[in-house]
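Here is what each chain is made of, one letter per residue.
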Amino acid sequence: QVQLVESGGGLVQSGGSLRLSCAASGRTANINDMAWYRQAPGKQRELVAGISRGGSTKYADSVKGRFTISRDNAKNTVALQMNSLEPEDTAVYYCNAQVLFSRSYWGQGTQVTVSS
């Protein structure tokens, strides 16, 4: 089992910044890819950014150039630095960890609200 705990959400004005963090615990040795997803009201959950154990990254087109994902394998953490936030970024953000040859795990989510 892997437990994921997110932190760092909140309310910010348009153009502002927030940093989300996710700490993994439990059976973390085989965690492979980690990612951030988000779900806005009435919309499907979508991938925001992902990072492999080796550090390769991918981003949704809507956040490229504004968000940066990073991870610390030694500390079992993944972070999402969000700059130039827009009201459209308002959503619940979820941390995800994919365990090699097994299932993926989700955090409980953290609310990000961007006011115009």
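Everything discussed here concerns the structure shown above.
Residues numbered from 1 in each chain as written. Predicted model: local features only at pLDDT ≥ 70, side-chain atom pairs only at ≥ 80, totals over all residues. Heavy atoms only, no water.

(A) Spotlight on unusual backbone geometry. Non-glycine residue Asn-76 carries a positive phi angle of around 55°. Take Asn-76: it is sitting in the loop between β7 (67-72) and β8 (77-82). At Ser-84, a residue that is not glycine, the phi angle is positive and equals roughly 50°. When its relative accessible area of 40% is taken as the criterion, Ser-84 is described as partly exposed. (Helix = DSSP H or I, 4+ residues; strand = E, 2+ residues; numbered from the N terminus. Buried < 20%, exposed > 50% of the residue type's maximum accessible area, 1.4 Å probe, protein only.)

(B) A look at the sheet that holds β8. Reading across the sheet, the 4 strands line up as β1-β3-β8-β7 and stay open at both edges, with antiparallel pairing between neighbours. Only two strands of the sheet have a single partner each, and these edge strands are β1 (2-7) and β7. For this sheet the average axis-to-axis angle between neighbouring strands, irrespective of direction, equals 15°. Across 6 bridges, the pairing between β7 and β8 is antiparallel. Paired with Phe-67 across the two strands is Met-82, which belongs to β8. (Pairing = 2+ DSSP bridges. Axes fitted to C-alpha atoms, helices over the stretch in contact; angles between N-to-C directions.)

(C) Geometry of the state of the cysteines. Inspection of every chain in the model, using the stated rule, returns 1 disulfide. A disulfide bridge connects Cys-22 with Cys-95, and the sulfur atoms are separated by 2.1 Å. Looking along the S-S bond of the Cys-22-Cys-95 disulfide, the torsion reads about -80°, which is the left-handed sense. Placement of Cys-22 in strand β3 (residues 18-26) and of Cys-95 in strand β9 (residues 91-99) is noted, with a sequence separation of 73 residues between them. Both residues of the pair, Cys-22 and Cys-95, belong to the buried class. (Disulfide = S-S within 2.5 Å.)

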